[in-house]
Each structure stands twice: as structure tokens, then as C-alpha cells.
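# Residue-level structure breakdown
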Amino acid sequence: MPRRTRARSLLRRALAALLVVTVAAAGLTAAAPAGRNAAGTVDVWFLKGEQVVAIPKPGSSAEDAIRALLAGPTAAELKTGVRTYVPDGTPLRSVSVENGVATVDLGERFVQGTDSASLLARLSQVVHTLSGPEGATKVRLLIKGGTPLGIFPGAFAAAPIGVDYLEAPNVPPPVHVTPTDIPVRDDVRSVQQRLVELGYLLPRDVDGQLGPGTEAALIAFQKWEGLDRDGQIGPQTLRRLRTATRPTPVTRGAAGKRAEVLVDRQVALAIEDNQVVRAIHVSSGKPSTPTPTGDYRVYEKIARWWSVPFREWLLWASPFNGGIAFHEFPDVPVYAASHGCVRMPHAVAQWMYDFNLVGMPVKVIASSR
């Protein structure tokens, strides 16, 4: 299957599942598939984690749709993790549809800010929302009544664009190069063996090298133990390693596989039969886009997931709450920093992907102490 077709197919499958989760949790009626909306409603697109999500709103015209978008998510929708990146107070100067092209002028406020992720997300929201009402298949964005917008990073918006353009990956998946010049040390090997005993590292990773996998395991250990999170083998970490015990689940569940995401510790626990198989360093949603607490289930496994609003790859993704997923990411700081997803370093992401099962319970916990 061509890459573009495959990406669109995966997105639609994921959206089908996340729409049910999102609208059910918000007490809404699920959106019908594109082109078959319930009478008197239009799909308005917001974000949930790293993906766009459609929520039906009253109306039938392009103006109805864009005004609903500008109004933002309801309080109930916000509680489920639905977010908008359209700046508050953005005006609607004009909107029209002609020959399948929706033309909208949202004024200068719409393009304020320098955060590339936010700019791309709001572009995606507008294009998705205006693609459909009154037969529009593409969207032209103007400012001050006549100047085409083309300033979005990683997207050419000076001409009318459609949903297909945003769904098609425009960069190749990242390629990871394993360092080969890391010295082998006996003290590192000893620490690695202890991390294996405690459930932070795999036996196959004991190589005496302080590489990315060992650093990630050390950070997970330091997070769990409440130590400074530097991924290094310092005196404090060594002392705690001697007396530490294996992490235990915060909650008790049924037999089989499940996962806990501990927001306060920024650690994920992979659990089988109520025993921690592995404790993992993660970064969940930052304060403005937190990972919603609650009980969920993995609904899909996608080795290469394309984030439509942010136009970036989410490798080894296991979504469990709309566009919120476990996935690999190049930047996994020791604090909460994501758009709502549970980021994992390259060194552990594929292992977690293989561990996860479709239908596996995932519990996001605010406080684990």
C-alpha cells in the first residue's frame, strides 16, 4: 500500500475509535462519518493529544462550523482532554464557499505567536472544519481581506489546501543511530545488572556502556525513588540502588497485561499478573495539555503514526484515549512536556509497543504516593 494511502487509512481507523471515546466521555452524540452527518450538525475539529478529533455541533453552513470552532471546546469536552490551538478571541472577518473552496479571513490574531506546533495545529483545525460544509474540499486562508497566509512552518498555505495535504507525511521517519564509541566499564555493568534485578532494564542491555538505554533506565529509577533526575551514576543513586526494591503497581487489577501511567512520578509501569515487568521513563502532558486521568484501553497499535496537526512522526504508537498514546519521541525530558501523549525514549518505545495488546487496560493516575 502506498505510504500516503496507508497513513490516511491508519488515521481514519484511529479517528473512528477516538471519536467514540471522546464524545461518549463528554456526554455527546458520536459524529457520523464524513459526508453523513446527523441532520442539522457540522463536524468541528479540535485536538486530543497528537491528533485531530471531530465533534458534531449544531449548524449546516461553513459559517456555522467556523464560529463553533472559534467558540472552543465546552467545559465537558475539556475534561476529556479535548483542546483547541486557535487563539482565544480570534474574530471571523469573513467566510465563503465557491467552487469547492472555502475562503476564510480570521484576522491577524489567528497567526499570532511563534510556537510552530501551535501554528500548525490551528491550521489543521481550520482546514478540517471547513472541509465539508457547503461542499468545500479545500480551504484558502486570508488575512486583512486579501493577503493569502503562507507562514505556517512545514506547510504551504499560500494556496488552497485540503485535508489530504495535511494527512500526507512530508518528512521521512526518523532514523536512530546507536552510538558505538561508548567505553565499556565494569562499574556500569554492575549498575546495569542491578537495574535488571529491579525491573528498569532488560538482561540483553547489560553491556557495560552508559548508553541511551541505561540512561533512560537510570532516570526511571531516579524518578521512582525521588532522586535527582540526571541519568548518571552518582553517589546518591548508587546508595539507593543497594537498598531499593522492585516497583509495585499502585492499583490491583485482573490477571494479564496492563499499564499504569504515574503522572506525579513521570513513570509508566508495564504490569503482568499484578507484577511490574518494567518501569519506564516517560513524559506525559504538560500543564496546558495534561494527560487526562482515568481508565482506558489500548485501541490500536500503529508502528508509524502520523500526527496530522503537528506534522511529525509518532513511532511505535499505542493510542488508548483518542489521539493520546504511548509513543516514541526524540525529546523526552524528565518532566511533563507533551501535548497529552505519553512520550518514551527510542531505547524503550519498541519494547513497550511489543508488550502492549489491543484491549489492554491503561490507568492514568495523578498521584501514586
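Residue positions are given per chain, counted from 1 along the sequence in the order it is written. Two thresholds apply to this predicted model, a pLDDT of at least 70 for residue-level local features and 80 or more for giving and counting side-chain atom pairs, whereas whole-chain, interface and lining totals are computed over all residues. Computation of side-chain values covers all heavy atoms of the structure but excludes hydrogens and water.

### Notes on the overall build of the protein chain
A helix here means a DSSP run of H or I that spans at least four residues, while a strand means a run of E at least two residues long, and both kinds are numbered starting from the N terminus. For the protein chain, the helix and strand inventory stands at 9 helices and 16 strands. In the protein chain, which comprises 369 residues, the proportion classed as buried is 53%. Residue contacts are counted whenever heavy atoms from the two residues lie within 4.5 Å of one another. Taking all contacts inside the protein chain whose residues are at least 6 apart in sequence as the whole, residues at least 24 apart take part in 60%. When the accessible surface of the protein chain is summed, it comes to about 16,000 Å², and 52% of that surface belongs to carbon and sulfur atoms. Each residue's exposure class comes from its accessible area (1.4 Å probe, protein chains only) as a fraction of the maximum for that residue type: buried when under 20%, exposed when over 50%, partly exposed otherwise. For the area figures, the Shrake-Rupley method with a 1.4 Å probe applies, and any residue is considered shielded solely by the protein chains shown.

### Some points on helix H6 (residues 186-198)
Take the residue count of a helix, subtract one, and multiply by 1.5 Å to get its expected span. The end-to-end C-alpha separation of H6 is 19 Å, in line with the 18 Å expected for 13 residues at 1.5 Å each. Looking at H6, one finds that the buried residues are Val188, Val191, Gln192, Leu195 and Leu198. Each buried residue of H6 lies within a common arc of 120° when the element is viewed along its axis, so the set occupies one face. Turned more than 90 degrees away from the buried face of H6, the exposed residues are Asp186 and Glu197. Turning to H6, the residues buried within the fold contact helix H7 (212-225) and helix H8 (235-243). Downstream of H6 by one or two residues, Gly199 has phi in the positive range, about 90°. The arc in question is the one traced by the directions running from the helix axis out to the C-beta atoms.

### Topic: the packing of H6 against H8
Lines fitted to the C-alpha atoms define the axes, with helices restricted to the stretch that makes contact. Angles between their N-to-C directions range from 0 to 180 degrees. Put simply, H6 and H8 touch, their axes get as near as 10 Å, and they point 45° apart. Taken together, the axis directions place H6 and H8 in an arrangement best described as oblique. Between H6 and H8 lies a crossing whose hand is left-handed. Contacts between H6 and H8 involve Val191, Arg194, Leu195 and Leu198 on the former and, on the latter, Leu238, Leu241, Arg242 and Thr243. Ten residue types, Ala, Val, Leu, Ile, Met, Phe, Trp, Tyr, Cys and Pro, are classed as nonpolar, four, Asp, Glu, Lys and Arg, as charged, and the remainder, Gly among them, as polar. Considered class by class, the residues forming the contact of H6 with H8 number 5 nonpolar, 1 polar and 2 charged. Between 65 and 115 degrees an angle is taken as roughly perpendicular, under 35 as roughly parallel, over 145 as roughly antiparallel, and anywhere else as oblique. Less than a right angle of anticlockwise turn of the near helix away from the far helix marks a crossing as left-handed, whereas a clockwise turn marks it as right-handed.

### Re the packing of aromatic side chains
Only Phe, Tyr and Trp rings take part, Trp by its six-membered ring, and two of them pair if their centres are within 6.5 Å. Stacked means planes under 30 degrees apart, edge-to-face means over 60, and tilted covers everything else. Under the definition given, this model contains 7 aromatic pairs. For the ring pair Tyr200 and Phe221, a centre distance of 5.5 Å and an interplane angle of 90° mean the geometry is edge-to-face. Highlighted residues: Tyr200 in the loop between H6 and H7 and Phe221 in helix H7, separated in sequence by 21 residues. With 5.1 Å between their ring centres and 45° between their planes, Phe320 and Phe326 make a pair best called tilted. Across this residue pair, the class does not change: Phe320 and Phe326 are buried. Should the NZ of a Lys or the CZ of an Arg lie within 6 Å of a ring centre and within 35 degrees of the ring normal, that charge is described as sitting over the ring. Between the NZ or CZ atom of Arg265 and the centre of the ring of Trp224, over which it lies, the distance is 4.0 Å.

### With respect to the sheet that holds strand S1 (residues 41-48)
The sheet built from 3 strands is open, its strands ordered S2-S1-S3 with antiparallel pairing. Two strands close off the open sheet at either side, each with one partner strand: strand S2 (51-58) and strand S3 (82-83). DSSP calls a pair of strands paired once it identifies at least 2 bridges connecting them. Across 2 bridges, S1 lies against S3 in antiparallel orientation. Following the sheet pairing, Lys48 is matched in S3 by Val82. Strand contacts of helix H2 (residues 62-71): S1 and S2, with the helix running at about 30° to S1, the strand carrying the most contacts.

### Side note on the nonpolar core
Remark: nonpolar core denotes a set of buried residues (Ala, Val, Leu, Ile, Met, Phe, Trp, Tyr, Cys) joined through side-chain atoms within 4.5 Å. Ranked by size, the top nonpolar core spans 38 residues in total, and within it Val104, Leu123, Val126 and Phe152 carry the most contacts. Elements with a minimum of two residues in this core: S1, S2, H2, strand S5 (101-105), helix H4 (116-130), strand S6 (138-143), helix H5 (163-167) and strand S13 (312-321). At 6 residues, the largest contribution of residues to this core is made by H4. Discounting residues that sit within four places of it in the chain, Phe152 has contacts with Phe110, Val111, Leu119, Leu120, Arg122, Leu123 and Ala157.

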